[in-house]
Amino acid sequence: MGTYNIALVRGDGIGPEIVDSAVRVLEKIGQKFGHTFHCTPYLAGGCAIDATGKPLPEETVQGCLNSDSVLLGAVGGPKWDNLPGELRPEKALLGLRKALGLYTNLRPARLYPALKGECPLRADIVDEGFDLMMVRELTGGIYFGERGRRDGANGPEAYDTEAYSVMEIERIARAAFDAARKRRKKLISIDKANVLETSRLWRETVHRIAKEYPDVEVSDMLVDNAAMQLVRRPSQFDVVVTSNMFGDILSDEASQITGSIGLLPSASLGASRCGLYEPIHGSAPDIAGQDKANPLATILSAAMMLRYAFDLSAEADCIEAAVDQVLNDGCRTADIARGETKTILGCQAMTTEVLNRI
Ligand code: IPM
Ligand code: MG
């Protein structure tokens, strides 16, 4: 029986609704298994801009650093879209990842049998199912490289630079090999080594680290091909490791073939004990405050927190089984509802269905 301090970064748009859903689930788990989860809210993103003028107040960084773990909803919205880059809500997320040293982003994507009908792929592909883990590098690459505006040969231009150090590639490669060891022992490293120098260093380094993991089968795939293979035959993937930007793009693609981006959780881990758990989707301002959001990605992120941050695997399994059950029982939020769905549940009602199965 433990006591855990969790920093809650609800953020913007649907962020508050989905985080509150996950907190209800954590409370239920606490009752069932005898744990106490102390949750302290912190501002980040657009709401922090409105309240303090800054997307990521220092108090938030400190609060997260002093917690055992961070649960985040989503940041951003049209209200703040025209601010300069440094002041945008997204900067809060990037700043938090960087400040907490969260270089490993785990994004699992699997096809729930109950949602086969939601998968946009052909039936024979869907029948094979898929269960993959995307390991995305999260604190380097083009997201954090030098950028700016300048006068170029043809007038004004903008630039963003991709840089990766050997150290950054080594540590994400090890994280991916470790993940592969716990799964089907197959790792695919995704890059653009036919064009980019960072990718050539990436490939070289991954192959060197591979020697430490003779039990894991490793291969390379170019990112354009990977985008195609993900929809051609997703069952070929077990663990995938890739750079920050490729991982951003490919994880959205992977989410859509599960049926909805509203289902995908993520864990961001680093050297420090304090990880960050968040759904991979955004703040969905179009449905914010209407009780329409799918809370499952955030609920599943809380399950990942229990498993990775607190080593509470029975508790995590319990949440994941409840989500499986909810889907098997036909409970649907709007994003995963089809023509024949009779009742479409809101965010709160869906959460209650999960609670009833814990
Ligand atoms: C994600 C998001 C973020 C990213 C945005 C909001 C900065 O798309 O977590 O995938 O690009 O990393
Ligand atoms: Mg993204």
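Keep in mind the model is a prediction, meaning the values are calculated, not measured.

Engineer: How would you summarise the nonpolar core if you had to cite specific residues and measurements?
Structural biologist: The biggest cluster of nonpolar side chains holds 83 residues, and the ones touching the most others in it are Phe37, Val135, Phe177 and Leu306. Here this core takes 8 residues from helix α10 (residues 296-308), the largest share from any one element.

Engineer: Which residues make up the environment of methionine 134, and what are the values?
Structural biologist: Along the chain, the position of methionine 134 falls in strand β5 (residues 131-137). The class for methionine 134 is buried, based on a relative accessible area of 3%. Sequence-distant contacts of methionine 134, defined by excluding residues within four places in its chain, comprise Asn105, Leu106, Arg107, Val240, Gly247, Leu250, Ser251 and Ala254.

Engineer: Lay out the site of ligand 1 with the relevant residues and their values.
Structural biologist: Near ligand 1 you find Glu90, Leu93, Arg97, Arg107, Arg136, Tyr143 and Asp248, and these make up its full shell. Between ligand 1 and the protein, one listed contact pairs an oxygen atom with a side-chain N or O atom of arginine 97 at 2.7 Å. Taking arginine 107, its side chain carries an N or O atom lying 2.8 Å from an oxygen atom of ligand 1. With respect to the pocket detection grid, ligand 1 is positioned in the largest pocket. Here the residues of the shell around ligand 1 sort into 2 nonpolar, no polar and 5 charged. Two domains each donate at least three residues to the shell around ligand 1, and these are domain 1 (1-103 + 264-358) and domain 2 (120-257).

Engineer: Just give me the short version of the domain arrangement of the protein, but keep the residues and values in it.
Structural biologist: The domain architecture assigned to the protein consists of domain 1 (1-103 + 264-358) and domain 2 (120-257). Distance between the C-alpha centres of domain 1 and domain 2: 24 Å. Taken residue by residue, the interface counts 9 residues in domain 1 and 12 residues in domain 2. The contact between domain 1 and domain 2 buries some 1,000 Å² in all, and 69% of this surface belongs to carbon and sulfur atoms. Area buried by domain 1 at its contact with domain 2 is led by Arg97, Lys98 and Tyr103, which between them contribute 55% of it. Run the count over domain 1 and domain 2 and you get 0 salt bridges. Put simply, domain 1 and domain 2 have 2 residue pairs in polar contact (both at pLDDT 80 or more) between them. When residues of the side of domain 1 that touches domain 2 are assigned to their parent elements, the largest contribution, 3 residues, is made by helix α4 (residues 90-99). The class makeup of the residues in the side of domain 1 that touches domain 2 is 6 nonpolar, 1 polar and 2 charged.

Engineer: Explain the environment of arginine 184 residue by residue, including any values.
Structural biologist: Mapped onto the fold, arginine 184 is located in the loop between α6 (166-181) and β8 (186-191). On a C-alpha basis, the gap between arginine 184 and leucine 106 in space is 16 Å, while along the polypeptide they are 78 residues apart. If sequence neighbours within four positions are ignored, arginine 184 has contacts with Asp131, Ser235, Phe237 and Asp238.

Engineer: Tell me what's going on with the pairing of strand β2 (residues 36-41), and back it up with residues and numbers.
Structural biologist: As paired elements, strand β1 (residues 3-11) and β2 share 6 bridges and run parallel to each other. Among the inter-strand pairings, alanine 7 is bridged to a residue of β2, identified as threonine 40. As for the winding sense of the linkage, the β-α-β connection from β1 through helix α1 (residues 15-33) to β2 is right-handed.

Engineer: So what's going on with the pattern of salt bridges? Residues and values would help.
Structural biologist: Tallying each qualifying case throughout the model produces 27 salt bridges. For glutamate 86, the salt bridge identified is with lysine 91, shortest N-O distance 3.5 Å. Note that aspartate 329 and arginine 357 form a salt bridge whose closest N and O atoms lie 2.8 Å from each other. With a gap of 28 residues between them, aspartate 329 in the loop between α11 (313-328) and α12 (347-356) and arginine 357 in the segment after α12 connect regions that are remote in the sequence. When salt bridges with common partners are traced through the structure, they connect Asp131, Arg183, Arg184 and Asp238 into a single cluster.

Engineer: Break down empty space enclosed by the protein for me, citing the residues and quoting the values.
Structural biologist: Per the counting criterion, the structure on display carries 2 cavities of 30 Å³ or more. Taken together, Glu162, Tyr164, Ile190, Asp191, Thr198, Ser199, Trp202, Ser243 and Phe246 make up the lining of the largest cavity. For the lining of the largest cavity, the secondary-structure elements that each account for two or more residues are β8 and α7 (197-210). For the lining of the largest cavity, the class distribution of residues is 4 nonpolar, 3 polar and 2 charged. One number sums up the size of the second largest cavity: a volume of about 40 Å³. Lining the second largest cavity are Leu132, Met134, Ile190, Ala226, Leu230, Phe237, Val240 and Leu250. Elements represented by at least two residues in the lining of the second largest cavity include exactly β5 and α8 (223-232). Across the lining of the second largest cavity, the residue classes break down as 8 nonpolar, no polar and no charged.

Reading the values: rules and limits
Residues numbered from 1 in each chain as written. Chains lettered and ligands numbered in written order. Predicted model: local features only at pLDDT ≥ 70, side-chain atom pairs only at ≥ 80, totals over all residues. Heavy atoms only, no water. Core = buried A, V, L, I, M, F, W, Y, C linked by side-chain atoms within 4.5 Å. Buried < 20%, exposed > 50% of the residue type's maximum accessible area, 1.4 Å probe, protein only. Helix = DSSP H or I, 4+ residues; strand = E, 2+ residues; numbered from the N terminus. Contact = heavy atoms within 4.5 Å. Near = heavy atom within 4 Å. Polar contact = N/O pair within 3.5 Å; in protein donor to acceptor, adjacent residues only side chain to side chain. 1 Å grid on protein atoms, 1.4 Å probe; cavity = no way out; pocket = protein on both sides within 12 Å on 5 of 7 lines; lining within 4 Å. Sits in = over half its atoms within 2 Å of the grid points. Nonpolar A, V, L, I, M, F, W, Y, C, P; charged D, E, K, R; others polar. Domains from an automatic or database assignment. Buried area = accessible area lost by both parts, 1.4 Å probe. Salt bridge = Lys/Arg side-chain N within 4 Å of Asp/Glu carboxyl O. Pairing = 2+ DSSP bridges. Right-handed = clockwise from strand over helix to strand, strands pointing away. Points joined across faces, edges and corners; volume = space filled by probe spheres on them.

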